[in-house]
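# Geometric and topological summary
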Amino acid sequence: MVENEVNDWEQRKVSELADDIYGGGTPKTSVEEYWNGTIPWIQSSDITEHDVNSINPKKFISDRAVNKSATKLVPENSIAIVTRVGVGKLVIMPFSYTTSQDFLSLSKLNSDLPFTAYLLYKKMQDELHSVQGTSIKGITKEELLSKEVMITQIEEQKKIGTYFSELDHLITLHQWKCLIYVKIEIYDKNHRKLIKIVIIFEFILVFIFAFMLIHIRMLYFSIRYILLRFTGVINVIMVVKIIVLIVIIGDDVYGRIIIDN
């Protein structure tokens, strides 16, 4: 069984994951008609670190800017990867966009979109951790496209991509819960006690069921991902509860996967 799972995975270069590769550029800021248009022009600061689904464009350019500068219009459902300032960030783009020269975009993917985004996210994080302690100014187009990753069959890709999309959604919901809890903790002591009881009771129930389904490899990878994703206000009980919930949600999907470590 394990041998068959391993044989389902094959090594590919990043350049093989997409049919189209786009660079970026910056229209002249001195030309007023290039700016304040309707086309998103994203920068590294528009992307939330460790979140492949969060994008908040702050600047927009015109059609004329696209025609008269090095920036390119990239189709929706592409992956924008930061290669210079903020290297390691990447995001799934649900709409067409343009970028600064700090990006490389993969479009017309030959693999599942969410799966590819999380795969490349993990690859970039592994690269950063392998050179921890040294200053990384960026990665060239050639270096990025020549990186090798492990790819599985398309149906398995979709399952993995769906799992991590649900995981991100779950984390986001609980981040909001944590913030709401903090506000209640500050302003309303009675509600604070009630919510504490609900959280603890919910945690105990989930914890019992989780031990019936736990899968060590999936738990290990999920914990790694949560530690990267969770920022801001953190409630310890919430974090443990999320980990346990992830085990339940993901065991059926991710329990058969050989993690590329």
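Below: a short report on this structure. (Residues numbered from 1 in each chain as written. Predicted model: local features only at pLDDT ≥ 70, side-chain atom pairs only at ≥ 80, totals over all residues. Heavy atoms only, no water.)

## Re the overall build of the protein
The helix and strand tally for the protein stands at 8 helices and 9 strands. The buried share of the protein, taken over its 261 residues, is 45%. In the protein, 76% of the contacts between residues at least 6 apart in sequence involve partners at least 24 apart. Of the roughly 14,400 Å² that the protein leaves accessible, carbon and sulfur atoms contribute 57%. (Helix = DSSP H or I, 4+ residues; strand = E, 2+ residues; numbered from the N terminus. Buried < 20%, exposed > 50% of the residue type's maximum accessible area, 1.4 Å probe, protein only. Contact = heavy atoms within 4.5 Å. Areas by Shrake-Rupley, 256 points an atom, 1.4 Å probe, with all protein chains shown as cover.)

## Here we look at the environment of Phe95
Along the chain, Phe95 falls in the loop between β6 (90–93) and β7 (98–99). Taking C-alpha positions, Phe95 is 8.8 Å from Pro40, a pair spaced 55 residues apart along the chain. With residues near it in sequence (within four places) discarded, Phe95 still touches Pro40, Ile55, Pro57, Pro75 and Glu76.

## Some words on the packing of aromatic side chains
For the structure on display, the rule yields 3 aromatic pairs. For the pair Tyr118 and Phe164, a centre-to-centre distance of 5.4 Å together with 35° between the ring planes defines the contact as tilted. With Tyr118 in helix α3 (residues 113–130) and Phe164 in helix α5 (residues 154–187), the pair connects residues that are 46 residues apart, well separated along the chain. (Phe/Tyr/Trp six-rings, centres within 6.5 Å; stacked < 30°, edge-to-face > 60°.)

## Some words on the environment of Gly37
Here Gly37 is to be found in strand β3 (residues 35–42). Of the residues examined, Gly37 reaches a relative accessible area of 27% and is grouped as partly exposed. Put simply, Gly37 and Arg64 are 27 residues apart on the chain and 9.3 Å apart in space, counted from C-alpha to C-alpha. Excluding residues that lie within four positions of it along the chain, Gly37 makes contacts with Phe60, Ile61 and Ser62.

## Brief notes about the nonpolar core
Ile79, Ile81, Leu90, Leu106, Leu120 and Met124 are the most contacted members of the largest nonpolar core, which has 30 residues in total. Residue assignment for this core shows that the elements contributing at least two residues are β5 (78–82), β6, β8 (103–109), α3, α4 (141–146), β9 (148–151) and α5. Among the elements that line this core, the one with the most residues is α3, at 8 residues. If you look at the next biggest cluster of nonpolar residues, it comprises 11 residues, including Val74, Val82, Val91 and Phe103. (Core = buried A, V, L, I, M, F, W, Y, C linked by side-chain atoms within 4.5 Å.)

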